[in-house]
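Okay, here's what each chain looks like letter by letter:
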Amino acid sequence: MIDPRVQALCDEFGIKIVDRHSYPEPGETRAVETLARILRRYGEGHLRLVLSTLAETDNNKGQLDEVLFWAASDMVRACPEIVERRAGDWLAMWDACPVGELQFVAQDLRGVVPLRFALGGMIYERVVRAFGQRASQPDLFDDRRRA
């Protein structure tokens, strides 16, 4: 049974949910329970940001799986100031990020470290390239610190 909120959000972002026995094509997922867990843990607004980050950028629809959803969730949680204050730049960074290649590289670490964390670290390195050191620090965009 698919949580109707997950179904509605996937429909909104053009992500097709496929049967768990099917191999998903680009823009499709079978990781609905992962989406439901993210929804339960962090709320609808957070899941909406995760789906927006992946669905509204060009390089990120190839393998919408559990690992990518959790890694994107971790990045949204790690960088709320960027997501909120520089949403266009956030999406541009994800557009430029070769997520599929990073997912492929992360597979080498299967059984050594959780793939979610391996992928998240590689994506965070791209965040730092785009936004500078301490990109996840809330005070990064504090106008008082720049003065």
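Keep in mind that what you see is a predicted model, and the values were worked out from it rather than measured.

Enquirer: Would you mind going over the pattern of salt bridges in detail, with residue names and values included?
Expert: In a structure, side chains of opposite charge can pair up when their charged atoms sit close to one another. For the structure shown, the criterion picks out 12 salt bridges. K16 is the salt-bridge partner of E28, the closest N and O atoms lying 4.0 Å from each other. Highlighted residues: E28 in strand β2 (residues 28-29) and K16 in strand β1 (residues 16-17), separated in sequence by 12 residues. With its nearest N and O atoms 3.0 Å apart, the salt bridge here joins E44 to R48. Residue E44 and its partner R48 are both found in helix α3 (residues 44-55); the two are separated by 4 residues, about one turn of the helix. Residue E44 is classed as partly exposed on the basis of its relative accessible area of 40%.

Enquirer: Tell me about the confidence of the model for the protein chain, and please be specific about residues and values.
Expert: Averaged over every residue, the pLDDT of the protein chain is 89; the share at 70 or more is 91%. The spread of mean pLDDT over the elements of the protein chain runs between helix α9 (residues 143-146), the lowest at 45, and helix α2 (residues 32-42), the highest at 97. Every residue in residues 143-147 scores below 50 in pLDDT, and together they form 4 contacts with partners more than four places removed in sequence or on other chains.

Enquirer: Go over helix α6 (residues 87-96), please, and point to the residues and values.
Expert: Among all positions of α6, only W90, M93 and W94 are buried. Looking down the long axis of α6, one finds its buried residues gathered within 95 degrees of arc, a one-sided arrangement. Residues G88 and A96 are exposed on α6 and point more than 90 degrees away from its buried face. Buried residues along α6 sit in contact with α3, α4 (66-78), α5 (80-85), α7 (99-106) and α8 (115-131).

Conventions used here
- Residues numbered from 1 in each chain as written.
- Predicted model: local features only at pLDDT ≥ 70, side-chain atom pairs only at ≥ 80, totals over all residues.
- Heavy atoms only, no water.
- Salt bridge = Lys/Arg side-chain N within 4 Å of Asp/Glu carboxyl O.
- Helix = DSSP H or I, 4+ residues; strand = E, 2+ residues; numbered from the N terminus.
- Buried < 20%, exposed > 50% of the residue type's maximum accessible area, 1.4 Å probe, protein only.
- pLDDT = per-residue confidence, 0-100.
- Contact = heavy atoms within 4.5 Å.
- Arc of directions from axis to C-beta.

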